[in-house]
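Per-entry structural report
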Amino acid sequence: MDSSAKVTLFEDIFEVGNLNPDGKKFEKVNRLVAIGTTFECDLLLDINCEIYNIREGEKVTLVLASTLHLDGSPADHFSFQPNSSEPTLADNYEYVMHGRVFDMTYKKDNVVVIAASFGGLLMRLTGDQRHLANILPDMRLYLLLKKD
């Protein structure tokens, strides 16, 4: 088994369809709307555009993970103290956030809507429960992005 498979809760490639659909609300934040290419999940995600810029039409790989440790050992979720001699899942990505699931709503036809906050930057991920079953209410998690 791949070591990253132990820590990965969800992974897909998303194509960004729209930026700031309701207008730009904050100077340093873009809200992107994207659709997953494999699992066809809908994603609404706030990112800090001052440090990571994504444009309409670009594809990004999004991973939700329970820990950054490649061996799957749990993260303490209260502090991150990188050890340069020990590789982490973050080494493979360009943009990383830490947050918490604050709402899960189950809809008809086995659809679940997951809402998470990453220090005020919000994510709403909507898709089939089968693909999002590893994400639990009130869970702390990492969101990792890289452009494809």
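Model, not experiment: these values are computed from the prediction.

It is worth spelling out the overall build of the chain at this point. Summing up its helical and strand segments, the chain has one helix and eight strands in all. Counted from the first residue to the last, the chain has its helices and strands arranged as β-β-β-β-β-β-β-α-β. Its C-alpha atoms give the chain a radius of gyration of 15 Å, within 12% of the compact-globule value 15 Å for 148 residues. Projected onto its principal axes, the C-alpha coordinates of the chain cover approximately 45 × 40 × 25 Å. Counting across all 148 residues of the chain, residues that qualify as buried make up 42%. For the chain, restricting intrachain contacts to residue pairs at least 6 apart in sequence, the fraction spanning at least 24 positions comes to 59%. As presented, the chain carries roughly 8,400 Å² of accessible surface, and 48% of it is formed by carbon and sulfur atoms. Distance from the positive charge centre (15 side chains) to the negative charge centre (22 side chains) of the chain: 5 Å.

With that settled, the discussion passes to unusual backbone geometry. Its identity as a non-glycine residue notwithstanding, Glu40 has a phi of 55 degrees, on the positive side. In this fold, Glu40 is placed in the loop between strand 2 (29-36) and strand 3 (42-48). For Glu40, a relative accessible area of 62% translates into the label exposed. If you check the backbone angles, Asn110 has positive phi at about 60 degrees while not being a glycine.

So, on to the nonpolar core. Judged by nonpolar contacts, the single largest core of 34 residues is most densely connected at Leu45, Leu64, Met123 and Leu145. At the level of secondary structure, the elements contributing two or more residues to this core comprise strand 1 (8-19), strand 2, strand 3, strand 4 (59-65), strand 5 (95-106), strand 6 (111-118), strand 7 (121-128) and strand 8 (140-147). Take this core: its biggest share by element is five residues, from strand 1. What Met123 contacts, discounting residues up to four positions off in sequence, is Leu43, Leu44, Leu45, Leu64, Ile114, Ala115, Ala116, Phe118 and Leu143. Judged by nonpolar contacts, the second largest core, of ten residues, contains Val63, Leu68, Ala75 and Ala90.

With that settled, the discussion passes to the packing of aromatic side chains. According to the stated counting rule, one finds three aromatic pairs in the structure shown. Seen in terms of ring centroids, Phe10 and Phe39 are 6.0 Å apart; in terms of plane orientation they differ by 45 degrees. Their pairing is tilted. Placement of Phe10 in strand 1 and of Phe39 in the loop between strand 2 and strand 3 is noted, with a sequence separation of 29 residues between them. Residue Phe39 is classed as partly exposed on the basis of its relative accessible area, which comes to 31%. Their ring planes at 15 degrees and their centres at 5.1 Å tell us that Tyr52 and Tyr95 sit as a pair that is stacked. Of this pair, Tyr52 sits in the loop between strand 3 and strand 4 while Tyr95 sits in strand 5, and the two are 43 residues apart along the sequence. The pair formed by Tyr52 and Tyr95 is uniform in burial state, with each residue classed as buried. Connected via pairs of aromatic rings, a cluster forms that spans Phe10, Phe14 and Phe39. Residue placement shows Lys147 over the ring face of Tyr52; its charged tip is 5.3 Å from the ring centre.

Right, let's get into the side chain of Thr61. Mapping Thr61 onto the fold places it in strand 4. Relative accessible area serves as the criterion here: at 5%, Thr61 is assigned to the buried category. There is a polar contact of 2.8 Å between the side chain of Thr61 and the side chain of Asp148. Residue contacts for Thr61: discarding those within four places in its chain leaves Glu11, Asp12, Ile13, Tyr93, Leu144, Leu145, Lys146 and Asp148.

What counts and how
Residues numbered from 1 in each chain as written. Predicted model: local features only at pLDDT ≥ 70, side-chain atom pairs only at ≥ 80, totals over all residues. Heavy atoms only, no water. Helix = DSSP H or I, 4+ residues; strand = E, 2+ residues; numbered from the N terminus. Rg over C-alpha atoms; globule rule 2.2 N^0.38 Å. Buried < 20%, exposed > 50% of the residue type's maximum accessible area, 1.4 Å probe, protein only. Contact = heavy atoms within 4.5 Å. Areas by Shrake-Rupley, 256 points an atom, 1.4 Å probe, with all protein chains shown as cover. Lys, Arg positive; Asp, Glu negative; His and termini not counted. Charge placed at Lys NZ, Arg CZ, Asp CG, Glu CD. Core = buried A, V, L, I, M, F, W, Y, C linked by side-chain atoms within 4.5 Å. Phe/Tyr/Trp six-rings, centres within 6.5 Å; stacked < 30°, edge-to-face > 60°. Lys NZ or Arg CZ within 6 Å of the ring centre and 35° of its normal. Polar contact = N/O pair within 3.5 Å; in protein donor to acceptor, adjacent residues only side chain to side chain.

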